[in-house]
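Architecture and fold: a report
Okay, here's what each chain looks like letter by letter:
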Amino acid sequence: MNIEKNKEVAREIARSYVTLSTDNLTRLAEILIPMRFRRGTIILHEGEVCNYMYYVERGLIRQYYMKKGREVTEHISYEGGMVICIESFFLHQPSRLMIHAIEQSVVYAIPYNKLLSLTEESYEFCRLMFKIMERSLIISQQKADTLRFETAQERYHRTMTDHPDIVRRTPLHYIASYLQMTPETLSRVRSKSNEY
């Protein structure tokens, strides 16, 4: 383990969520597990327990599930994002979600048991955990509202505006699935967007 690199990543994580003391930054760095995944690697298979939350340092990661024999993309994360199968992570139950590296990726895994121990020792880690969960829930709610209330054109435009990396780097069939539209609808929506 390269502790200096881990400290740098711990600072990036903290900067995104909360302020951690120098000692707590070091404690966070000590539990981080760097992992490299080749493009196409399944990081978490259906039926496995998600024992980690993953901070994406480099790459593009998607969460998806199977429905009626087809993949449905639930979430896409890139640099600075966090990937977590919340139900599996907290309840230690087999996940129905899978995690897949769309690009060659470097992530830092945060083990559940070690993070839980840190939350029992320091309020700062309770705040960190709270802020990570808060952001995750807000993202989920925003996506649900987008799917409920916006047209296909509006969903695509919002994704282009809010997450241009997803639109630029993700294969179109994953984008279509993520936005809950067919590839043909996505193609029409993209054509209309290019007219403006």
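Each remark here, short or long, concerns the structure printed above.
Scope of this entry: the structure provided in the associated data block. (Residues numbered from 1 in each chain as written. Predicted model: local features only at pLDDT ≥ 70, side-chain atom pairs only at ≥ 80, totals over all residues. Heavy atoms only, no water.)

What the rule picks out here adds up to 13 salt bridges. Notably, a salt bridge pairs K131 with E134, separated by 3.2 Å at the nearest N-O pair. Note that K131 and E134 are positioned in helix α5 (residues 123-149) at a spacing of 3 residues, about one turn of the helix. Judged by relative accessible area, which is 23%, K131 ranks as partly exposed. Classification of E134 by relative accessible area gives partly exposed; the value is 31%. Salt bridges here are not isolated pairs; linked through shared partners, they connect E79, E103, D165, R168 and R169. (Salt bridge = Lys/Arg side-chain N within 4 Å of Asp/Glu carboxyl O. Helix = DSSP H or I, 4+ residues; strand = E, 2+ residues; numbered from the N terminus. Buried < 20%, exposed > 50% of the residue type's maximum accessible area, 1.4 Å probe, protein only.)

Take the sheet that holds strand β7 (residues 98-101) next. Pairing is antiparallel across the open sheet formed by 4 strands, whose spatial order is β2-β7-β4-β5. Each edge of the open sheet carries a strand with a single partner, namely β2 (42-44) and β5 (70-77). Between one strand axis and the next, the sheet turns through 35 degrees on average, direction left out of account. Judged from the 7 bridges that link them, strand β4 (residues 61-67) and β5 form a sheet pairing that is antiparallel. Residue pairing in the sheet places Y64 in a bridge with T73 of β5. (Pairing = 2+ DSSP bridges. Axes fitted to C-alpha atoms, helices over the stretch in contact; angles between N-to-C directions.)

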